[in-house]
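Observations on chain architecture
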Amino acid sequence: MRTLKPNTASVACGEIVITQDEASKKTHQALFAFSDDCYYLFGTTVLDTVRTAAGHNIHKLHLAVCWENMLRLALWSSVKPLLHDVIYLLRKSGINGEELGPFRESDINDIFPWLYYGKRFDVLRRICNAAKARAESKIKTSKILVYCHLISDETGKIVASSL
C-alpha cells in the first residue's frame, strides 16, 4: 500500500480511504467494496494526510484509524492529545466527570478499553462524529465529505463510525 503524496494530479478514485496499516485496510475493505487503488497509508501524521487529501480531486474521504489517531483528528492535534483535552471531549460526548475520575492520571489509551468493553458505543460514535466535523471544517474549501471509522487495535474490527 502506498502513502498519499501532495500534488495536483488526481488519485485513481473519487473516494479514497486513509488507513494506518494493512490490517485497517483489510478491515475496512471487508465492509466496503473499494478496490486496492483507493487505499492509502497515512504519512507522517493523520492530519498531514487529511490536508494532502484535500488537495486531490476527491469527493469522499474515509479514515480508518485507531483510538489515538481518532482523538488526534477530533482534537486536531499532530502530537499525542493531552489527557485534559481528551477528558473534555469525552464530557462533551456524554460521559460525566465522576465516571472519568479513575482516568485523571491515566494514559489516554487506557480509556478506550473502558468504553469498548463497557459497551459505550454511543460515546465512541460521538468521538467519530467529532473527528468528522473537525476534519471537514479544516478542509472546508474542498467540500470533501469525511467518514471516520474507529478500529480497535485489539480486535482489528471497526467498533464505531461516523456513518
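Before reading further, recall that the structure is shown in the block above.
What counts, and where the lines are drawn
- Residues numbered from 1 in each chain as written.
- Predicted model: local features only at pLDDT ≥ 70, side-chain atom pairs only at ≥ 80, totals over all residues.
- Heavy atoms only, no water.
- Pairing = 2+ DSSP bridges.
- Helix = DSSP H or I, 4+ residues; strand = E, 2+ residues; numbered from the N terminus.
- Contact = heavy atoms within 4.5 Å.
- Axes fitted to C-alpha atoms, helices over the stretch in contact; angles between N-to-C directions.
- Parallel < 35°, antiparallel > 145°, perpendicular 65-115°, else oblique.
- Left-handed = near helix turned anticlockwise from the far one by under 90°.
- Nonpolar A, V, L, I, M, F, W, Y, C, P; charged D, E, K, R; others polar.
- Buried < 20%, exposed > 50% of the residue type's maximum accessible area, 1.4 Å probe, protein only.
- Salt bridge = Lys/Arg side-chain N within 4 Å of Asp/Glu carboxyl O.

This next bit is on the pairing of strand β6 (residues 158–161). Across three bridges, strand β5 (residues 145–151) lies against β6 in antiparallel orientation. Across the sheet, the residue bridging to Leu-150 is Ala-160, located in β6. A loop of six residues connects β5 with β6, the two strands running antiparallel in sequence, and Gly-156 in this loop sits at a positive phi of about 75°.

For the rest of this paragraph, the subject is the sheet that holds strand β2 (residues 15–19). In a beta sheet, neighbouring strands pair by backbone hydrogen bonds and run either parallel or antiparallel. The six strands are arranged β1-β3-β2-β4-β5-β6 in an open sheet whose pairing can be described as mixed. Edge positions in the sheet fall to β1 (2–3) and β6, since each has one partner strand and no second. Here helix α6 (residues 121–138) sits on the sheet in contact with β5 and β6, set at roughly 145° to β5.

Interaxial distance between helix α3 (residues 67–75) and α6 falls to 7 Å at its minimum, and their mutual angle equals 50°. Accordingly, the angle class assigned to the pair α3 and α6 is oblique. The handedness of the crossing between α3 and α6 is left-handed. Across the interface between the two elements, Trp-67, Met-70, Leu-71, Leu-73, Ala-74 and Leu-75 from α3 touch Leu-124, Ile-127, Cys-128, Ala-130, Ala-131 and Arg-134 from α6. Partitioned by chemical class, the residues of the contact of α3 with α6 number 11 nonpolar, no polar and one charged.

The two faces of a sheet get side chains in turn, since along a regular strand they alternate between them. Across the seven residues that make up β5, a large majority, six, are buried. Inspection of the sheet shows strand β4 (residues 60–65) paired to β5 by six bridges, in the parallel sense. Bridged to Leu-63 within β5 is Cys-148.

For the rest of this paragraph, the subject is unusual backbone geometry. Outside of glycine, negative phi angles account for most residues, and trans bonds account for most peptide bonds. Phi is positive for Trp-76, which is not a glycine, with a value near 50°. Residue position: Trp-76 is located in the loop between α3 and α4 (83–92). Residue class for Trp-76 comes out buried when judged on its relative accessible area of 15%. The phi torsion at Lys-119 lies on the positive side, around 55°, for a residue other than glycine. By the secondary structure assignment, Lys-119 is in the loop between α5 (111–117) and α6. Judged by relative accessible area, Lys-119 falls into the exposed class, the value being 62%.

It is worth spelling out the pattern of salt bridges at this point. Under the definition given, this model contains eight salt bridges. A salt bridge links Glu-22 to Lys-25, with the nearest nitrogen and oxygen atoms 3.7 Å apart. In this pair, Glu-22 and Lys-25 both sit in helix α1 (residues 22–31), three residues apart, roughly one turn of the helix. When its relative accessible area of 9% is taken as the criterion, Lys-25 is described as buried. Two residues, Glu-68 and Arg-72, come together in a salt bridge whose shortest N-O distance is 2.7 Å. Here Arg-72 and Glu-68 lie together in helix α3, a separation of four residues that amounts to about one turn. Since its relative accessible area comes to 17%, Glu-68 is described here as buried. Residue class for Arg-72 comes out buried when judged on its relative accessible area of 17%.

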